[in-house]
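# Structure at a glance
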Amino acid sequence: SSGINAEYGGDIASLLSLVYVIKGDNETMKNKIEELSKKRDYLRAVNDGLKVALSSKDPSDIPTNDKFKLTPPPEVSTEPVKLRLTTDDVLKVEKVVNKIIMSTDQP
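Right, let's walk through the structure included here. None of the values given here were measured: they were computed from a predicted structure.

## Focus on the pattern of salt bridges
By the definition in use, this model includes four salt bridges. A salt bridge links Glu34 to Lys38; the nearest nitrogen and oxygen atoms lie 3.9 Å apart. Of this pair, Glu34 and Lys38 both sit in helix 1 (residues 2-55), four residues apart, roughly one helical turn. Salt-bridge contacts for Asp41 lead to Arg40; the nearest nitrogen and oxygen are separated by 3.1 Å. Given the relative accessible area of 40%, Asp41 is considered partly exposed.

Put into structure tokens, the structure is as follows:
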């Protein structure tokens, strides 16, 4: 396997650097998903409150804001999520992986 390391040292180094880029992008996406989940949960609570209000026969049954404990709506950034991984990076990975696969197929 030391032959592969010598032959693909540069490729492996570039793959490793891409792993860090992907990890960073993954963290960014996780944070965005968390942000959106909070907003979704808030909107579900509002929706549940509206359903109860619409189905109540008596105005005194209509839930008040404090009954539902609605906090101010969570902020969701409208900025596009900036990811560092590019299409070129993906193609580079594909090329390196194919090169390694081809070389290990050789007897």
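## A word on the environment of Leu43
You can see Leu43 is positioned in helix 1. When the C-alpha positions of Leu43 and Pro74 are compared, they lie 9.6 Å apart, and in sequence the two are 31 residues distant.

Each value, and the rule that gives it
- Residues numbered from 1 in each chain as written.
- Predicted model: local features only at pLDDT ≥ 70, side-chain atom pairs only at ≥ 80, totals over all residues.
- Heavy atoms only, no water.
- Salt bridge = Lys/Arg side-chain N within 4 Å of Asp/Glu carboxyl O.
- Helix = DSSP H or I, 4+ residues; strand = E, 2+ residues; numbered from the N terminus.
- Buried < 20%, exposed > 50% of the residue type's maximum accessible area, 1.4 Å probe, protein only.

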